Amino acid sequence: MELHKINKPLESINTILSHFPVKQPSLLEPGQTLPIKVKNEKASRKIYFLLDGALISSVGKDEKKQNLGIMMSPSIIGLGQLAPDGTIAQHEAIAPCMIDSINIDDFIKVIEEQHLWPDVINVMVTIINSLAARTATSGLQSAYEIIRSYLIYMDSENACAIKERYTVVKYMQTFSRLSRSIILKILSELKAGGFIEMEKGRLVRINRNLPDRF
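Residues numbered from 1 in each chain as written. Predicted model: local features only at pLDDT ≥ 70, side-chain atom pairs only at ≥ 80, totals over all residues. Heavy atoms only, no water.

As annotated in an unreviewed UniProt entry, the chain carries the name IprA winged helix-turn-helix domain-containing protein and is attributed to Pseudescherichia vulneris NBRC 102420.

## Brief notes about the pairing of strand β7 (residues 90-93)
Taken residue by residue, a regular strand's side chains alternate between the two faces of the sheet. Note the following rule: Burial classes follow relative accessibility: with a 1.4 Å probe on protein chains only, a residue under 20% of its type's maximum area counts as buried, one over 50% as exposed, and anything between as partly exposed. The secondary structure listing takes helices from DSSP runs of H or I that are at least 4 residues long and strands from runs of E that are at least 2 residues long, numbered from the N terminus. Note on pairing: two strands pair once DSSP finds at least 2 bridges between them.
Residues His91 and Ala93 point to one face of β7 and are all buried, whereas Gln90 and Glu92, pointing to the other face, are not buried. Summarising the sheet, strand β4 (residues 54-59) and β7 pair through 4 bridges and their orientation is antiparallel. Residue pairing across strands places Ser58 opposite Gln90, the latter belonging to β7.

## Details of the nonpolar core
In globular proteins that are soluble, nonpolar side chains generally tend to be buried together. We apply this condition: For this analysis, a nonpolar core means a set of buried residues of the types Ala, Val, Leu, Ile, Met, Phe, Trp, Tyr and Cys, connected via side-chain atoms within 4.5 Å. An automatic or database domain assignment supplies the start and end points of every domain. We call two residues in contact when some of their heavy atoms are within 4.5 Å.
In terms of nonpolar packing, the biggest core is built from 31 residues, with Leu151, Tyr171, Leu187, Ile196 and Leu210 touching the most fellow members. When residues in this core are grouped by element, the largest group, 8 residues, is from helix α4 (residues 143-156). Both domains that meet at this core, namely domain 1 (3-137) and domain 2 (143-206), each give it at least three residues. With residues near it in sequence (within four places) discarded, Leu187 still touches Ile147, Leu151, Val168, Val169, Ile196 and Met198. Ile16, Ile47, Val110 and Val123 belong to the second largest nonpolar core, which has 16 residues in total.

## Considerations on the side chain of Asp119
In plain terms, the rule: Charged-residue counts in this description rest on Lys and Arg as positive and Asp and Glu as negative, His and the chain ends being excluded. The term salt bridge refers to a side-chain nitrogen of Lys or Arg lying within 4 Å of a carboxyl oxygen of Asp or Glu.
In this fold, Asp119 is placed in helix α3 (residues 117-138). Buried within the structure, Asp119 lacks any salt-bridge partner; its nearest side chain of opposite charge belongs to Lys8, at an N-O separation of 14 Å.

Right, dumping it as structure tokens:
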């Protein structure tokens with residue numbers, strides 16, 4: 001499955017959110033992080049509702065840090081904690097974010113009472129598919145295959161306004177381990193061949209089908 005073919009389950013997200021009236025919203029400024037769970041502190045386990053703004057999700061620290069993707073409002077954050085050993089992820093605001101939250105036990109109670117598990121599963125499956133697609137992309141054999149995959153995703157993605165928010169180089173360095181020089185070299189040759197159009201480092205459009213091999 002490719003990233004650009006995965007659609008955000010907005011209907012399920014909005015259905016879930018409709019059962020959780022906003023109670024104590026807080027503002028997360030760009031650069032601030034949102035912890036989902038602190039190890040061995042059960043009381044801090046919460047589900048977060050991203051009502052407005054954008055976050056970048058990651059795991060690990062320093063040189064082991066790996067960016068997983070961008071979450072745009074509306075989104076539900078922390079569903080991985082429903083598993084016994086949920087992943088501890090970090091979410092950093094890349095735009096001003098309005099956040100609300102609820103204790104995970106209270107969240108589960110409402111979900112069960114309102115029979116919302118099919119919607120929760122739909123959201124979680126989409127997240128899993130997105131992570132699987134990114135993992136598959138990072139495991140491709142050549143730098144060109146990785147760049148080709150991300151160019152197609154950037155060109156077709158609409159919900160996160162990726163093309164307007166990121167330069168191509170910045171986006172690819174954020175979600176891959178490719179060097180700036182390799183990215184620039186391949187982009188330059190694709191531009192020279194008339195395959196892509198760029199302006200001030202941002203992707204304007206893909207003009208014609210990108211070759212499978214470079």
